[in-house]
Structure formats: structure tokens, C-alpha cells
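# Notes for the structure review
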Amino acid sequence: MNPQFDELSRKAAAGTLTAAEREWLDAHLREHPDKRAQLEWDAALSAKLEQKIAAMPALPGWERTERALQAEQAASETGRTARAVKPAVVRSPGILDRVSDWLASSLGFAINAQAMAVALVLVQAGVIGALAWQYERDYSEIRAGTQDQTPRGPLLRVSFREDVRESELRRALAGIGGEIVGGPGQIGVYLVRVKDGDLRAAAQRLRASGITELVEIVEAKR
Amino acid sequence: MQKLPQAEIEALLRRVAARDQVAFRTLYEQFARRVYAFLVHRFQHESLAEEVVSDTLLHVWKSPESFRGESAFSTWLLGVARFKMMERLRQRKPESEDVDEIDENLLVEETGPEDVAVMRQRSEGVRECLELLPAEQRECIHLAYYEGWTLDEIGEHMSLKKETVGTRLFYARKKIQACLAALLARERGLQEEHP
């Protein structure tokens, strides 16, 4: 077995050889003419696959896809129509208008609704300020509690094979210096943060471990 | 197999991002059959494969920017299709994958001219023998002999070591050869019984 010959023989069969690879292959075949049978066998297998695939439907799933596209288009057109129609709808008077009308009718003079809104906001701000000063409440904890808890990138999205044992999983994570910071989601995808080192190298190592089905890099959010 | 240059694919993806359905249709025409062929060979589930082709290409329509150009577009697309198919199958029932159990009698030393002749002449037999292979060996055969991927590329796609892919391909070839030889022997036996 010569791994380089095997690989180039398959690539020749699939028609993806580069010029340099073709040169190497020709030279190898001159030295080892007995290898020609393998090359021909590979080419024949590839041709059989080509034949089989050529007989498959040209646009599999297109009807379903087209329906999805049409549904999307119809939805976006409906949305556009609704947005276009909205300004034409007669706006019913808001609470400020009604209060303004009541003042106008009972006090005998009209107050502009926008002026009333500004006045109300000022009064509210005053009340809130007074309460804050009175109780000297520390709002920092509340603010901290409402921060976005979603783990930020760069991370790895990883889905493990179903038959993986926990010990294998832990060993693989330890090998890349990774820790699970999110998941599993509905389809079993975890978010993994790599403490130090190259994220791409870590992804490569996880893929090569043979225990994952998916390893993707999630770039940092801006 | 006609292949679109990467620059052309990237131009089409930019048009898809601008909601150009003509560009999307062009991408569909270029890749749907390739994705379908891969799924049918790997999973042997034609109706589901058709749905997953649709899902996969619709994923491109909805978020063309998710292809970041870190690999060839077809490599990425087959990866998405594989993931989506596995998701679908996981919702149905666990797939029982067989490992590389090898009948030692299959290990023919070298490929000879007779093997080549059988391979060329027996289209139906080749199809039958491919279907008898374990799913992951079929996948390796498809990616190597139809897509022309290297062992590294197949390994990355399947989350396997390069050496494991090499072993799977080696055994898959030997199994096909042995299977075809058995078919031929059976035919000859029948001819002798009914000359």
C-alpha cells in the first residue's frame, strides 16, 4: 500500500488531480506498472458512481423549496401592505387628548396635549428622584442582574456523538483547555469556551477526536 | 461533473444575500443533485434526502453569510446537509452504525485485471455491492470517488482521523471487490447448471 498513490489514484478517478499530482502519478506508474490495475479499478468505480448520480433527479426537493420561497414572499408582501395601510387608519384620541378636551370644556381654555405630556414626565421624574434620594437605594445590583447572560464568543459550538461517555467528553475538553459555558440546546449542541490557545487548533483537535458530530467556531459578538 | 469556480459561487451568494431568487435557483441547479447524491449514498433514504436537500439550500437562502469561505462551498454545504439529516434521523430513531468488521477472506492482496473487468461490466452489481457497505464506508467512497476529496478533507467532514478514513476506504474497496467476485462466481455457477 502506498498512501500517496492511493489518494492520487482516487483523485484521478474523480477528476480533481492538479498538474503536479498528475506528473507524480505518471512517474509512479512508469516505475510500478502493476499499479495500473488499481488506477483503472478506481476510475471504473468513479464512472459507475457518475452514471448512477446522472440518473438521479436534477432538482430534488425544488417544489418544496419553491413553496417555501413563495410563502416567504407572500408574508413579506403582506407585511409591506400592512405597513403601507397603517398611516391611513384614523387615530382615536389618546388619554392626553381626552384630558385636554375635558379641561377645555370644564375650565373654558384649551391645553396643548404635548405640553401636558412634557409636564407629566417632569412631575414623574421629580417623584422618582425624590424617592431615590430618600431611600438611598443602591441600583447597581439591579443593573447587574439585568445584564445579558448569553455567553459571548469566541466559542465553539459542539455536538457530541450520542454514544460518547462522560469520561471521554471530559478528557476531550481537558485536552483543549475547554469548559462548557452553555447548552445542551434542543438538538444537543453545547457552547464551549477555550481558556487559552488557538481556537482553530482546539476545533481541529475536537474534530479529530472522533467523538463529535459538529464543531463550529462562533466568533465574538461585536 | 461540472464545477462552478469559487469566485462565481461567492458572487451568487452575494446576490442571494440581496434576495435575488434567480441567483438562488442557479445555486440550487448546481448543488442540489450533488447534495442529494451524497445523502442517498450515505443514508439510503430517498424521500427524506429530498427534504433535507430543500432544507439545506433554504438555509443558504436564509443566511448566505453563514458560509465564511473557510473551505470549498461544496464541502461546507455537504457538512450542513449531513448535520441536518442526522438531526432528522435522531428525531426518528437512533441509527445503528456498524464498525469495520472485516471478514479476513475479503482481503485480496492486489487489484488485478479481472477485478477491473468485473467493475466495468457489472453496473447493477456495483450498485448492489455499494448498498451492502456500512453507511460510513459508503460515505467515504462517495466523498473520495465522486467528490474527489482527500483523506484530510473527509476526516474533517466526518470528525475522524485521516488514518481511520484511509482504513475505511481500504476495506470498502476490498469488500466491493469481494462482493463483485462473489456475484461473478454465482453467475458462472448458474451458467454451468443451465448451459
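What this report covers is the structure whose coordinates are included nearby. (Residues numbered from 1 in each chain as written. Chains lettered and ligands numbered in written order. Predicted model: local features only at pLDDT ≥ 70, side-chain atom pairs only at ≥ 80, totals over all residues.)

### Digging into the interface of chain A and chain B
Reports often express the size of an interface as the amount of accessible area lost when the parts come together. Contact residues are listed per partner, giving 40 residues for chain A and 41 residues for chain B. Residue assignment for the side of chain A that touches chain B shows that the elements contributing at least two residues are helix H1 (3–14), helix H3 (36–54), helix H4 (62–85), helix H9 (199–208) and strand S4 (212–218) of chain A. Looking at the side of chain A that touches chain B element by element, the count peaks at 14 residues for H3 of chain A. Taken together, the residues of the side of chain A that touches chain B sort by class into 19 nonpolar, nine polar and 12 charged. (Contact = placed C-beta atoms within 7 Å. Helix = DSSP H or I, 4+ residues; strand = E, 2+ residues; numbered from the N terminus. Nonpolar A, V, L, I, M, F, W, Y, C, P; charged D, E, K, R; others polar.)

### Thoughts on unusual backbone geometry
Residues and elements named next belong to chain B. Phi angles above zero are rare outside glycine, and Arg19 is one such case at about 65 degrees. For Arg19, the location among the structural elements is in the loop between helix H1 (6–17) and helix H2 (21–43). Judged by the 13 C-beta atoms lying within 10 Å of it, Arg19 falls in the partly exposed class. A positive phi angle, near 50 degrees, is found at Gln44, a position not held by glycine. (Buried ≥ 20, exposed ≤ 12 C-beta atoms within 10 Å, placed from the backbone.)

### Re H2 of chain B
Of all the bends in H2 of chain B, the greatest, near 40 degrees, is centred on Phe31 of chain B. Downstream of H2 of chain B by one or two residues, Gln44 of chain B has phi in the positive range, about 50 degrees. (Bend = angle between axes of the 7 residues up to and from the residue.)

### Overview of the nonpolar core
Core analysis: the largest hydrophobic core is formed by 59 residues, its most contacted members being Val35 and Leu39 of chain B. No other element matches the 12 residues that H2 of chain B contributes to this core. Not counting the four nearest positions on each side in its chain, Leu39 of chain B is found in contact with Ala49, Val52, Val53, Ala81 and Met85 of chain B. Counting residues in hydrophobic clusters, the runner-up holds 15 residues, among them Phe160, Ile176, Tyr190 and Val192 of chain A. (Core = buried A, V, L, I, M, F, W, Y, C linked by C-beta atoms within 7 Å.)

### Topic: helix H2 (residues 19–31) of chain A
In a regular helix each residue adds 1.5 Å, so 13 residues correspond to 18 Å; H2 of chain A covers 19 Å between its end C-alpha atoms and thus fits that length. In terms of burial, H2 of chain A is a largely surface element, one of the 13 residues being buried. (Expected span 1.5 Å × (residues − 1).)

### Observations regarding the environment of Met85 of chain B
Residue and element names in this part refer to chain B. Here Met85 shows up in helix H4 (residues 73–92). Separated by 34 residues in the primary sequence, Met85 and Glu51 place their C-alpha atoms 9.1 Å from one another. Not counting residues within four places of it along the chain, the set of residues in contact with Met85 comprises Leu39, Phe43 and Val52.

### Notes on the sheet that holds strand S2 (residues 178–182) of chain A
Residues and elements named next belong to chain A. Strand order in the open sheet made by the four strands is S2-S3-S1-S4, with antiparallel pairing throughout. Both edges of this open sheet fall to S2 and S4, since each of them pairs with a single strand only. Taken pair by pair, the neighbouring strands of this sheet meet at an average axis angle of 35 degrees, ignoring direction. Where S2 meets strand S3 (residues 189–194), four bridges bridge the pair, whose relative direction is antiparallel. (Pairing = 2+ DSSP bridges. Axes fitted to C-alpha atoms, helices over the stretch in contact; angles between N-to-C directions.)

### A few points about the packing of H2 of chain B against helix H7 (residues 135–145) of chain B
Residues and elements named next belong to chain B. Packing of H2 against H7 brings their axes to within 7 Å, and their N-to-C directions diverge by 150 degrees. It follows from the interaxial angle that H2 and H7 lie roughly antiparallel. Touching Phe38, His41, Arg42 and Phe43 of H2 are Ala135, Arg138, Glu139 and His142, all from H7. Of the residues belonging to the contact of H2 with H7, the class tally is three nonpolar, two polar and three charged. (Parallel < 35°, antiparallel > 145°, perpendicular 65-115°, else oblique.)

### So, the packing of H2 of chain B against helix H3 (residues 46–62) of chain B
All names here are of chain B. Running from N to C, H2 and H3 cross one another at 140 degrees; their axes reach a closest spacing of 9 Å. As summarised for this structure, H2 and H3 are arranged oblique, according to the angle between their axes. Here H2 and H3 pass one another in a crossing that is right-handed. On H3, the residues touching Phe24, Leu27, Tyr28, Ala32, Val35, Tyr36, Leu39, Val40 and Phe43 of H2 are Glu46, Ala49, Glu50, Val52, Val53, Thr56, Leu57, Val60 and Trp61. The residue inventory of the contact of H2 with H3, partitioned by class, reads 15 nonpolar, one polar and two charged. (Left-handed = near helix turned anticlockwise from the far one by under 90°.)

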